[in-house]
Amino acid sequence: MKQAYKQTSLNHRRDEEMPGAQTTPPYSPKTLKHHRSLPRSINYLLKEQRLLFILVGIFIGSTFFIVQPTLSRLSPSESRPFVPKSFSTGLTLHDEVSRSYSLGGKLGRVPVALSGRRLRIVVTGGAGFVGSHLVDKLIARGNDVIVIDNFFTGRKENLVHLFGNPRFELIRHDAVEPILLEVDQIYHLACPASPVHYKYNPIKTIKTNVMGTLNMLGLAKRIGARFLLTSTSEVYGDPLEHPQKETYWGNVNPIGERSCYDEGKRTAETLSMDYHRGAGVEVRIARIFNTYGPRMCLDDGRVVSNFVAQAIRKQPMTVYGDGKQTRSFQYVSDLVDGLVALMEGEHVGPFNLGNPGEFTMLELAQVVKETIDPSATIEYKPNTADDPHMRKPDISKAKELLNWQPKVSLREGLPLMVNDFRNRILNEDEGKGI
Ligand SMILES: NC(=O)c1ccc[n+]([C@@H]2O[C@H](COP(=O)([O-])OP(=O)(O)OC[C@H]3O[C@@H](n4cnc5c(N)ncnc54)[C@H](O)[C@@H]3O)[C@@H](O)[C@H]2O)c1
């Protein structure tokens, strides 16, 4: 009975849902399911205006996705609503571009949550002479800057005016040890630069050049940051070619007193190129020629700071050798402009960054006399080992590819550092120290 009822009920439903039930072939579960489910789901959709709701939902969703990107293209500022206006000033178009390469250069478009982020930059050695001026420029451009420094030759006083600035961070750290940070660009300056300082602990100097550079290149590779190395004209050694072009391979003593610095920087260049070719890191190499300006160490043995400090202290200016060896002197703001142009350009380098104006040591002493004290005198001492006889950059490559050249002459730049030196020497004399 039960069986009969089930069959009847089945037949009944089948008859109800399929008008041609009389002509249907004998029972087959598969065909039965197929024929029954299609009209039932359509029925389900049509009931209680469900289809209408679905269509309205699809319409709202697609309108949002079509209109939203158009709006953000029309007003870029609205895509970064959490950035106070004062912080976003100074961002250039390049900053936006840089963000995409910062994420490994693989992403065409930065996720919305990150698109409002300012360019974040590490400057190793940022408490030093060149580094602190570079940090000033980057902060003024609206970038976030993290300085890493072990304060071997750098001073907090060079950065004290930035303490409290939310865009600035200072980390006491030795570049010889690894560090992990999330940044877009790395300016790697950490290294004592004057002979007095780099000869003080030569093993530490070469460790800084080799291990410090390895650590920073490793970081750049890991996070997809662009990396700039501040190399030096010392890679040309005592040059046999004059002026020096980037194509010149140099004449360096590999076992001399200066080689911890000269060969250290040459190795740092090699490492940079190997990471570039082998690991795809975007590197930039600057070969910096003698640079001077405010915040140089007072007694670091570099010729401009030596002469200026001695003239202010009314001491004789020390000339090593016969004073006929030549150097070119670049004012620090010109160098900083060159470093930024290099970092932002598309060329790896190396690029000579220096002022091609060439002076003998005696001519420099004469300019210092005229600027500070016409009664200043000269004292001669024997020359130091491996001191290059002449040094003058050929900067045609930087002129052409970076559209850069120095603007400040020695006679214009020297007075700009004299005030800074006078103040610091006065404080020293008053026993305050710096
Ligand atoms: N000033 C120049 O004329 C000149 C010329 C050629 C190359 N350079 C290069 O430019 C860069 C900056 O030179 P500068 O004149 O400002 O010298 P600097 O001595 O004033 O600055 C170097 C900075 O690096 C820091 N530092 C050194 N070793 C470190 C380490 N292991 N870890 C972390 N920080 C460390 C020092 O404390 C200092 O703040 C150097 O790499 C130098 O080789 C400078």
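Residues numbered from 1 in each chain as written. Predicted model: local features only at pLDDT ≥ 70, side-chain atom pairs only at ≥ 80, totals over all residues.

Draft legend 1. Structural detail: the overall build of the chain. Check the secondary structure of the chain and you find 15 helices and 13 strands. Taking contacts inside the chain between residues at least 6 apart in sequence as the whole, the part at least 24 apart equals 78%. (Helix = DSSP H or I, 4+ residues; strand = E, 2+ residues; numbered from the N terminus. Contact = placed C-beta atoms within 7 Å.)

Draft legend 2. Representation of the pairing of strand β2 (residues 144–149). The element β2 is extensively covered by neighbouring structure, given that six of its six residues are classed as buried. Where burial is concerned, the two faces of β2 agree: the one with D144, I146 and I148 and the one with V145, V147 and D149 are both buried. Relative to β2, strand β1 (residues 120–124) runs parallel, the two being bridged by five bridges. In the strand pairing of β2, V123 is matched with V147. As a crossover connection, the stretch from β1 through helix α7 (residues 129–140) into β2 is right-handed. Relative to strand β3 (residues 168–172), β2 runs parallel, the two being bridged by five bridges. Within the sheet, the bridge partner assigned to I146 lies in β3 and is E169. (Buried ≥ 20, exposed ≤ 12 C-beta atoms within 10 Å, placed from the backbone. Pairing = 2+ DSSP bridges. Right-handed = clockwise from strand over helix to strand, strands pointing away.)

Draft legend 3. Broad picture of the packing of helix α11 (residues 303–312) against helix α13 (residues 361–371). As a packed pair, α11 and α13 sit with axes 10 Å apart at the nearest point and diverge in direction by 40°. Taken together, the axes of α11 and α13 are oblique relative to one another. The element α11 and its partner α13 pack so that their crossing is right-handed. Where α11 approaches α13, its residues V303, F307, V308 and A311 are matched on the opposing element by M361, L364, A365, V368 and K369. The residue makeup of the contact of α11 with α13, split by class, is eight nonpolar, no polar and one charged. (Axes fitted to C-alpha atoms, helices over the stretch in contact; angles between N-to-C directions. Parallel < 35°, antiparallel > 145°, perpendicular 65-115°, else oblique. Left-handed = near helix turned anticlockwise from the far one by under 90°. Nonpolar A, V, L, I, M, F, W, Y, C, P; charged D, E, K, R; others polar.)

Draft legend 4. Summary view of the site of the ligand. With respect to spatial proximity, 30 residues lie near the ligand, and among them G125, G128, T153, G154 and A193 are the closest. A total of three residues in the shell around the ligand trace back to one element, the largest contributor, which is α7. Residue composition of the shell around the ligand, by class: 14 nonpolar, 14 polar and two charged. (Near = placed C-beta within 6 Å.)

Draft legend 5. Expanded view of the packing of α7 against helix α12 (residues 332–344). Packing of α7 against α12 brings their axes to within 10 Å, and their N-to-C directions diverge by 65°. Classified by chirality, the crossing of α12 by α7 is right-handed. For the pair α7 and α12, the contacting residues are V130, H133, L134 and K137 in the first and V332, S333, L335, V336, L339 and V340 in the second. Of the residues assigned to the contact of α7 with α12, the class counts are seven nonpolar, two polar and one charged.

Draft legend 6. Local environment of the nonpolar core. Membership of the largest hydrophobic core comes to 76 residues, with the highest contact counts inside it found for I186, Y187, F227 and V368. Apart from the residues lying within four places of it in its own chain, the contact partners of Y187 are I121, V122, V123, L134, L228, L339 and M343. (Core = buried A, V, L, I, M, F, W, Y, C linked by C-beta atoms within 7 Å.)

Draft legend 7. Representation of α13. Burial in α13 covers these residues: M361, L364, A365 and V368. Taken end-on, α13 shows its buried residues confined to a sector of 100°, consistent with a single buried face. (Arc of directions from axis to C-beta.)

Draft legend 8. Quick peek at the sheet that holds β3. In space, the seven strands of this open sheet follow the order β3-β2-β1-β4-β5-β6-β11, with parallel pairing throughout. A single partner strand is all that each edge strand has here, and the edge strands are β3 and β11 (351–353). Within the sheet, the average angular offset between the axes of one strand and its neighbour, ignoring direction, is 20°. Relative to β11, strand β6 (residues 283–288) runs parallel, the two being bridged by three bridges.

Draft legend 9. Just the confidence of the model for the chain, in detail. For the chain, mean pLDDT is 81; residues scoring 70 or higher make up 76% of the total. Long-range and interchain partners of residues 1–34, a stretch whose pLDDT sits below 50, account for seven contacts in this model, where long-range means more than four residues apart. Here residues 69–110 is a poorly scored stretch, pLDDT under 50, and it has 40 contacts once near neighbours within four places are set aside; other chains count. (pLDDT = per-residue confidence, 0-100.)

Draft legend 10. Spatial organisation of unusual backbone geometry. Cis geometry is found at the peptide bond from H242 to P243, where omega equals -10°. Summarising the element assignment, P243 is placed in the loop between β5 (226–232) and α10 (259–279). Residues G349 and P350 are joined by a peptide bond in cis, for which omega reads 5°. Secondary-structure assignment places P350 in the loop between α12 and β11. The backbone phi angle of K314 is positive, close to 65°, even though this residue is not glycine. Here K314 lies in the loop between α11 and β8 (317–320).

Draft legend 11. Region of the structure containing the environment of F359. On the secondary structure map, F359 appears in strand β12 (residues 358–360). Taking the C-alpha atoms as reference, F359 lies 8.3 Å from Q325; in sequence the two are 34 residues apart. With sequence-adjacent residues up to four places away left out, F359 is seen in contact with T326, R327, F329, L364 and L410.

Draft legend 12. Layout of helix α9 (residues 202–223). The end-to-end C-alpha distance of α9 is 31 Å, a good match for the 32 Å that 22 residues give at a rise of 1.5 Å each. T208 marks the point of greatest bend in α9, at about 30°. T205, I206, T208, N209, G212, T213, M216, L217, L219 and A220 are the residues of α9 that are buried. Structurally, α9 contributes buried residues whose contacts are with β1, β4 (185–188), α8 (195–200), β5 and α10. (Expected span 1.5 Å × (residues − 1). Bend = angle between axes of the 7 residues up to and from the residue.)

Draft legend 13. Focus on the pairing of β1. Counting buried residues along β1, four of its five residues qualify, which places the element largely inside the surrounding structure. Here β1 pairs with β4 via four bridges, running parallel. Within β4, the residue paired with V122 across the bridge is I186.

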